[in-house]
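Structure assessment
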Amino acid sequence: MPDDLLAHALAAKGFMPPDEGALLHRVARERLPFGPALEVGTYCGKSAIYLGAAAREVGGPHGTVFTVDHHRGSEENQAGWEHHDPSVVDPELGLMDTLPTFRRTIARAGLEDRVVAVVGRSTTVAAHWRTPLSLLFIDGGHGEQPARDDYESWAHWVVRDGLLAVHDVFPDPADGGRPPYEQIYLPALASGAFEEVDAVGSMRVLRRVSGAAGDRLG
Ligand code: SAH
Ligand code: MG
């Protein structure tokens, strides 16, 4: 991870520990030469800097990261919940809006030509998505339904030999919420299409070992 961008990533608002971000950066460096990466769950752009740093290093048309978010926050980001931050509420609408903070973060990091924001609900964007992905990073809503939806809408776009990274995977319920583990990680392995290749903290990295992008998973 280049030092200048690491400083931006560490300073950015969000939920990505440095060692897990470093893994994300490493797998993005490996995979971006083969096609674009997509992240579900932008928030304020912290993880997008780790991905965008790899995109800058890879360069060319393949050095592109799409990041999808409606920017209204997950359940756990809303007022009264554990991960709420009142500084990312739109005062007029009284709704969360992380898009302005994201834009400032990515502009300051000099990554606007590498990181492309797609603003909308994950399932809506996925329904119209047609591009094979060399790397998919799922870090969106952590409720049961959102996690299952993200897996079912996006995982089949990973190319053979491509990678699926999943954040907040906690096999032990004492460590955190279940849905990324139960609705994404376990089904991906059970499908037979993915095998685990790396893990740091709550980050899990799986490689697609069968099928082709766009094939429905078992
Ligand atoms: N990757 C970020 C953290 C993401 S937090 C970081 O590095 O800090 C999860 C994000 O998922 C929130 O910003 C929330 O708005 C978004 N999200 C939750 N459910 C979503 C959905 N159904 N469609 C699009 N975005 C969603
Ligand atoms: Mg996360």
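Residues numbered from 1 in each chain as written. Chains lettered and ligands numbered in written order. Predicted model: local features only at pLDDT ≥ 70, side-chain atom pairs only at ≥ 80, totals over all residues. Heavy atoms only, no water.

A few words now on helix α6 (residues 144–154). For α6, the complete set of buried residues consists of Ala147, Asp150, Tyr151, Ser153 and Trp154. Contact partners of the buried residues in α6: β1 (37–40), β2 (65–69), α5 (122–128), β6 (133–138), β7 (158–166) and α7 (179–190). (Buried < 20%, exposed > 50% of the residue type's maximum accessible area, 1.4 Å probe, protein only. Helix = DSSP H or I, 4+ residues; strand = E, 2+ residues; numbered from the N terminus. Contact = heavy atoms within 4.5 Å.)

Looking at the magnesium ion (ligand 2), one finds its protein donor set to be Asp139 (OD), His167 (ND1) and Asp168 (OD), positioned 2.1 to 2.2 Å from the metal centre. Mapping the donors of the magnesium ion (ligand 2) onto the primary sequence gives the spacing D-x27-H-D. (Donors = N, O, S within 2.8 Å, 3.2 Å for Na, K, Ca; no water.)

Turning to the packing of aromatic side chains, a few remarks are in order. Across all of its chains, the model carries 4 aromatic pairs by this definition. Taking 5.2 Å as the distance between ring centres and 75° as the angle between the ring planes, the aromatic pair formed by Phe66 and Trp129 counts as edge-to-face. One end of the pair, Phe66, is in strand β2; the other, Trp129, is in the loop between α5 and β6, and 63 residues separate them in sequence. Seen from their ring centres, Tyr181 and Tyr185 are 5.6 Å apart, and the 20° between their planes marks the pair as stacked. Taken together, the positions of Tyr181 and Tyr185, both in helix α7 and 4 residues apart, correspond to about one turn of that helix. A relative accessible area of 10% means that Tyr185 is categorised as buried. Of the aromatic side chains, those joined through ring pairs into one cluster are Phe66, Trp129 and Trp154. (Phe/Tyr/Trp six-rings, centres within 6.5 Å; stacked < 30°, edge-to-face > 60°.)

What follows deals with the site of ligand 1. Around ligand 1, 21 residues are found, and the nearest of them are Phe15, Ser47, Asp69, Ser122 and Asp139. At 3.5 Å from an oxygen atom of ligand 1 is found a main-chain nitrogen or oxygen belonging to Tyr43. Computed on the free molecule, ligand 1 has an accessible area of 590 Å², of which 93% lies beneath the protein chains in the complex. Of the residues belonging to the shell around ligand 1, the class tally is 3 nonpolar, 12 polar and 6 charged. (Near = heavy atom within 4 Å. Polar contact = N/O pair within 3.5 Å; in protein donor to acceptor, adjacent residues only side chain to side chain. Areas by Shrake-Rupley, 256 points an atom, 1.4 Å probe, with all protein chains shown as cover. Nonpolar A, V, L, I, M, F, W, Y, C, P; charged D, E, K, R; others polar.)

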